[in-house]
Amino acid sequence: MTWPIVLAGLLAVSASFAQTSATLRDCAECPEMATVPAGSFVMGSPDSEAERDADESPARAVTFARPFALSRFEITRGQYAAFVRATGHVTGTGCSVWSDTKWEVRADASWQAPGFAQDDTHPVVCVSWHDATAYAAWLAARTGKPYRLPSEAEWEYAARGGTRTAYFSGNDPHAICAHDNGHDLTSKRVHTGMPWPPVNCDDGFAETAPAGSFPGNPFGVHDVHGNVWEWLADCYADSYAGAPTDGRAVDAPGCMQRVYRGGGWSVERRGRRAANRGRYDPAQRYGQLGIRVALDLR
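A. Layout of the packing of helix H2 (residues 77-87) against helix H3 (residues 129-143). Where H2 meets H3, the closest approach of the two axes is 10 Å, and the angle between their N-to-C directions is 75 degrees. Taken as axis vectors, H2 and H3 run roughly perpendicular relative to one another. Within the contact between the two elements, H2 uses Gln 79, Tyr 80, Ala 82, Phe 83, Ala 86 and Thr 87 and H3 uses Asp 131, Ala 134, Tyr 135 and Trp 138. Of the residues that constitute the contact of H2 with H3, the class distribution is 7 nonpolar, 2 polar and 1 charged.

If you want it as structure tokens, here you go:
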């Protein structure tokens, strides 16, 4: 099977799906979920993509035999607070927050105090991978349905929404402010010490934006190219060689680093591409790293 055939088929699926996008919500405090169609896509970046990284290779076809659901928006502070109230989960303190010219760990920082103003409509940050998996497990227990963290393949497939460009909106990073929140002229004015270049547009937010402030992609998923990074189920590997082609997560005993995706509010353009990957110690917390969840559909 050649890449053009795979892509042509997927684009036909996504065009149809965009007109009939289905959503579901299992409880008042549960996230709204977008149904992502079965199909195939090419995971990773082509050699020709600007600012690509070596760990985005080798590009390969991944096929989803069944649809699945992904939260339309990043999990909000309000939704996370409902989990904490219901379970007594102790997230703990200590989080890497932005301080003038660098990210540094501050012992008094937490998901309730991430170093900038938020309300319950903003995506939760300063949560570890363990916190994120505990939240997904609570949703599963609360609803009796198999909520979990997404696999890396599921995330990229849903984030692309049937596209193959660097961003679902195209290849121009300076047009991305109409679609997502990242390091731009707004954050540069407020955070003058950030040494990396902003995109030359203005999204109106210096830190996190309320979840869903920007239009969704063709699969109805929002905030995939900024706002906050999102923890995923996978154990990080520096290559896709030998990785599953059916959308399953990569795992390994004693995993030292878990994958995150999506870009954050201070992230430069290369880190906001659909193929870009990040990794972090699963016990650590970061002021632009949060949660998105997946759901197996029966």
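B. Structural context of the state of the cysteines. Summed over the entire model, instances satisfying the criterion amount to 4 disulfides. In this model, Cys 95 is linked to Cys 126 through a disulfide, with the two sulfur atoms separated by 2.1 Å. Residues Cys 95 and Cys 126 share a disulfide whose torsion about the S-S bond is about -80 degrees; that sign makes it left-handed. Of this pair, Cys 95 sits in strand E6 (residues 95-99) while Cys 126 sits in the loop between strand E7 (102-106) and H3, and the two are 31 residues apart along the sequence.

C. Quick peek at the pattern of salt bridges. Going through the model one piece at a time under the given rule, you end up with 23 salt bridges. Ionic pairing is found between Glu 29 and Arg 142, a salt bridge with its closest N-O pair at 2.7 Å. Here Glu 29, found in the loop between strand E1 (23-24) and strand E2 (33-36), pairs with Arg 142, found in helix H3; they are 113 residues apart in sequence, far enough to count as distant. Given the relative accessible area of 23%, Glu 29 is considered partly exposed. The partly exposed category is assigned to Arg 142, whose relative accessible area is 39%. In this structure, Asp 53 engages Arg 270 in a salt bridge whose closest nitrogen and oxygen atoms are separated by 2.4 Å. Remark: Arg 270 occurs in the loop between strand E10 (258-261) and strand E11 (278-280) and Asp 53 occurs in the loop between strand E3 (39-43) and strand E4 (60-64); sequence separation between them is 217 residues.

D. Fine view of unusual backbone geometry. In this model, Ser 57 is joined to Pro 58 through a cis peptide bond whose omega is -10 degrees. Note that Pro 58 resides in the loop between E3 and E4. Positioned with a positive phi, Glu 51 is a non-glycine residue whose angle comes to about 65 degrees. Examined against the element boundaries, Glu 51 turns out to sit in the loop between E3 and E4. Phi is positive for Cys 126, close to 60 degrees, though the residue is something other than glycine. Judged by its relative accessible area of 0%, Cys 126 is buried.

E. Summary view of the sheet that holds strand E13 (residues 294-296). Judged by pairing direction, the sheet is antiparallel, and its 5 strands sit side by side in the order E1-E2-E5-E13-E8 without closing on themselves. The strands lining the two open edges of the sheet, one partner per strand, are E1 and strand E8 (147-148). With 4 bridges connecting them, E2 and strand E5 (residues 68-71) associate as antiparallel partners. Bridge pairing in E5 links Ala 34 to Leu 70. Each of E2, E5, E8 and E13 is contacted by helix H4 (residues 152-160), which is oriented at about 75 degrees to E5, the strand it contacts most.

F. Structural context of H3. Its 15 residues place the ends of H3 21 Å apart at the C-alpha level, agreeing with the 21 Å of an ideal helix rising 1.5 Å per residue. Turning to H3, its buried residues number three or more, namely Trp 129, Asp 131, Ala 132, Tyr 135, Ala 136, Trp 138, Leu 139 and Ala 140. Buried-residue contacts for H3 involve H2, E8, strand E9 (229-235) and E10. Structurally, the start of H3 carries an N-cap: the backbone nitrogen of His 130 is 3.3 Å from a side-chain oxygen of Ser 128.

What counts, and at which threshold
Residues numbered from 1 in each chain as written. Predicted model: local features only at pLDDT ≥ 70, side-chain atom pairs only at ≥ 80, totals over all residues. Heavy atoms only, no water. Axes fitted to C-alpha atoms, helices over the stretch in contact; angles between N-to-C directions. Helix = DSSP H or I, 4+ residues; strand = E, 2+ residues; numbered from the N terminus. Parallel < 35°, antiparallel > 145°, perpendicular 65-115°, else oblique. Contact = heavy atoms within 4.5 Å. Nonpolar A, V, L, I, M, F, W, Y, C, P; charged D, E, K, R; others polar. Disulfide = S-S within 2.5 Å. Salt bridge = Lys/Arg side-chain N within 4 Å of Asp/Glu carboxyl O. Buried < 20%, exposed > 50% of the residue type's maximum accessible area, 1.4 Å probe, protein only. Pairing = 2+ DSSP bridges. Expected span 1.5 Å × (residues − 1). Polar contact = N/O pair within 3.5 Å; in protein donor to acceptor, adjacent residues only side chain to side chain.

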